[in-house]
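Summary of the model geometry
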Amino acid sequence: MALKTFHGGVHPPEFKKLTETLIFEVMPAPQEIYIPLNQHLGKEAIASVKKGDSVSIGSILAEADGFISAPIHSPVCGTVTSISKQTTPTGFPQQTIVIKTNEQLENLFMSPLNPKTITPEEIIERVKNAGIVGQGGAAFPTYIKLTPPKDKQIEFVILNGCECEPYLTRDYRFMIERPEAVIEGLTLFLKAMGVVKGYIGIEDNKPEAIKIITRAAENENNIEVFSLKTKYPQGAEKMLVKAITGREVPPGKLPLEVGTVIQNIGTAVAVYDAVVKGEPAVTAALTVTGKGVKNPKNLLVPVGTPIKDVLDYCGGINGDAVKLIVGGPMMGVAQFDLMAPILKATSGILVLTREEVSRGEETACLKCGQCIDVCPLNLMPTKLVRYTQLGRFEDAGLFGITVCMECGTCAYTCPANIPLVQWLRLGKQRVKQIQRQQAGLQN
Amino acid sequence: MDFSLVIAISTMGGLGFLFAGALAIADKKLRVYEDPKIGQVNELLPGANCGACGNAGCYDFAVKVVAGQITPGDCPVADTDAASEIAKILGLEPDGGTRMVARVLCRGGKAEASRKEDALYRGPKSCSTTILIAGGDKLCLDGCVGGGECVEACQFGAMYMNENELPVVIEEFCTGCGLCAKACPRNIIEMHPADREIFIFCKNHDDPKTSRKVCAAACIGCQICARKSDGGIIMKDNLAIIDYTKIDISKIPFAKCSTKAIDTIHLRVEVEQPELIN
């Protein structure tokens, strides 16, 4: 039987061998940690500590502001030394709480709850108070995903174990080392939302994980494990829904439109820990890898640890390292400042050598149409980019530029090395601006 | 005698008369009346079809002016003489508009602005795409990106990028259309009356320590000019802002500004202008 998948996509070299057999190591807290107030999608949290305050592991540093926001907890014991603008992995400076750590290990975790007797309300409340955000990359506050609008009937919760980005092995390690937490986490999601059916989608390049998770889910009749074709971006929400349920998410809409909610493996583990151990989102699990780093590792680090300390812990970087990316190589963000901290949703640090990043000079578009073949959303990247370059934003809008999710598949495949994603990002921004203006005029 | 010659001439001549007659009738019957003023106004407009007024071109502008939907002063490019001529044709009072020119309010070029060390941007060289990625490779997130989108937007050849990677406005050619100001994603280009002398050449809102670090030409928010100016300058988010209704140029301590962020336009030493084509 053909494996379940979607139309389009590419298969970049995986490089997962570097770290896939390495057990998670716990990294000790560094001397100073930097906690940006905005680690999630939505409104910046409001700082509830001030300079000179002493904090313990798990004490609240910032409260959620409004509906789409998340509280932030201290990952260490120490003293707040300043609240000021600091570099973040996004490249833009943000208000950041700087904490000088001390030796103590006192923790103020919430009280543990029994996952067997917990009520849906308690789960949602706990996820909200623990400040858990989606680990898939966008860092959307998880509790909002657990409380969909009343008029939407949710039929499935899908756990995303694809990890289709090359290099990264965080979710893979979670599935190998903590299968019971993954399954329990999914059960908690199902309970919180009152949904019967849970699916776990795993790419077929991780046979070990499929075996272990299938065995762990044996006794759960309502959980089914799917082996999916290894292809980027299999782990994108819409692609995953299409592959597993065969349903197509309408352009510009969320998966809950077709009765599904997607959660990441990492998020499931975080929710399990928040419920069973009472631990808020203070630890980031990540893969430090790439040929530019001396000892690639899978790590559990306190949120807010500067990249520099993480790299030092991994033995430093090799001389020929040229590029540092936070996230995966396809959608991650290149860094210019090693003092940028690890955030709640950081999934990896890549240190790449010249050999890994080299690409040729940009030439004129060959009109080969390869970008159109591989676009998982069935867009025409070359046409959209041409419209953007010409300033024809209305045409770009008509051809669906706002649907693009910037997965980078088109730019990866382009034989002319055209920076398609950069142009698409500009076009998307402009088209959205124009659409907002028009909506404003109509009102 | 050769009759064929006569037949040919009379046939062609007859056909000529017939079609001329048809055209004459069509001219009378199917004529669309066009206000002769539209033509006259169109003559006086710059004819650049730049679109700065928001209409489809100069002729479209002329149609709308004659219809009374807009006023002659709405063409940002036409000078005051042309606007008053148009007003005269239409029997309107000429509005004494002032000539506007574009002013680049950032002096943080290659030499002044600090860059992100180890940052190497590879991608489209336009300002708007550059700033989407970590705000460009300068540390200042409010200043000129140096991509030259304003120069591209200018329809009148009145701008160029100097060696310091900052745009320069050639005042004689600037028509005040404002297309460059609209094109700038950082809003550092503003339209000001041509006789306005004094400007704050900075848009940076960072705190004093940071702004000093990011650019040698930044307003560092020291407030000296604001204190001496008698309300002519107000401070907002660590940036001096001039209130042009109250400013008194004699009170401004230009020498005290350590970064020369407050300055007059004519004290500025322009870079040698390149030879202009066309």
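Predicted model only: the values in this text are computed from it and were never measured.

This brings us to the domain arrangement of chain B. Residues and elements named next belong to chain B. Splitting chain B by domain gives domain 1 (39-89), domain 2 (99-192) and domain 3 (197-268). Placing a centre on the C-alpha atoms of domain 1 and another on those of domain 2 gives a separation of 29 Å. Between domain 1 and domain 2, roughly 480 Å² of surface is buried when both sides are summed, and carbon and sulfur atoms account for 67% of that area. Three residues stand out in domain 1 for area buried against domain 2, namely C50, A52 and V77, and they jointly supply 67% of the buried area on that side. In this structure, the connection of domain 1 to domain 2 is made through zero salt bridges.

Residue and element names in this part refer to chain A. Across the sheet, six strands lie side by side as β1-β14-β13-β17-β15-β16; this open sheet has mixed pairing. At either margin of the open sheet sits one strand with a lone partner, and together these are β1 (25-26) and β16 (333-334). Packed on one face of the sheet, helix α3 (residues 170-177) meets β13 (283-289) and β14 (297-302) and runs near 115° to β13.

A word on the sheet that holds strand β4 (residues 54-55) of chain A. Residue and element names in this part refer to chain A. Spatial ordering of the open sheet is given by β2-β8-β7-β4, a layout of four strands whose pairing is antiparallel. Looking along the sheet, the strands with just one partner apiece sit at the ends: β2 (32-36) and β4. Where β4 lies against strand β7 (residues 78-86), two bridges are found, and the strand directions are antiparallel. Residue pairing for β7: V55 is matched across the bridge by G78.

Attention shifts here to the pattern of salt bridges. Using the criterion set out here, one finds 30 salt bridges over all chains in the structure. Two residues, E177(A) and R173(A), come together in a salt bridge whose shortest N-O distance is 3.0 Å. Here R173(A) and E177(A) lie together in helix α3, a separation of four residues that amounts to about one turn. The shortest N-O distance in the salt bridge between D230(B) and K251(B) comes to 2.6 Å. Taken together, the positions of D230(B) in the loop between α9 (224-228) and β6 (233-236) and K251(B) in the loop between β7 (239-242) and β8 (262-264) put the pair 21 residues apart, joining distant regions of the chain. Residue classification places D230(B) among the exposed positions, given a relative accessible area of 56%. For K251(B), a relative accessible area of 35% puts it in the partly exposed group. Taken together, the shared-partner salt bridges connect R178(A), D273(A) and K277(A) into one network.

Cut-off values and rules
- Residues numbered from 1 in each chain as written.
- Chains lettered and ligands numbered in written order.
- Predicted model: local features only at pLDDT ≥ 70, side-chain atom pairs only at ≥ 80, totals over all residues.
- Heavy atoms only, no water.
- Domains from an automatic or database assignment.
- Buried area = accessible area lost by both parts, 1.4 Å probe.
- Salt bridge = Lys/Arg side-chain N within 4 Å of Asp/Glu carboxyl O.
- Pairing = 2+ DSSP bridges.
- Helix = DSSP H or I, 4+ residues; strand = E, 2+ residues; numbered from the N terminus.
- Contact = heavy atoms within 4.5 Å.
- Axes fitted to C-alpha atoms, helices over the stretch in contact; angles between N-to-C directions.
- Buried < 20%, exposed > 50% of the residue type's maximum accessible area, 1.4 Å probe, protein only.

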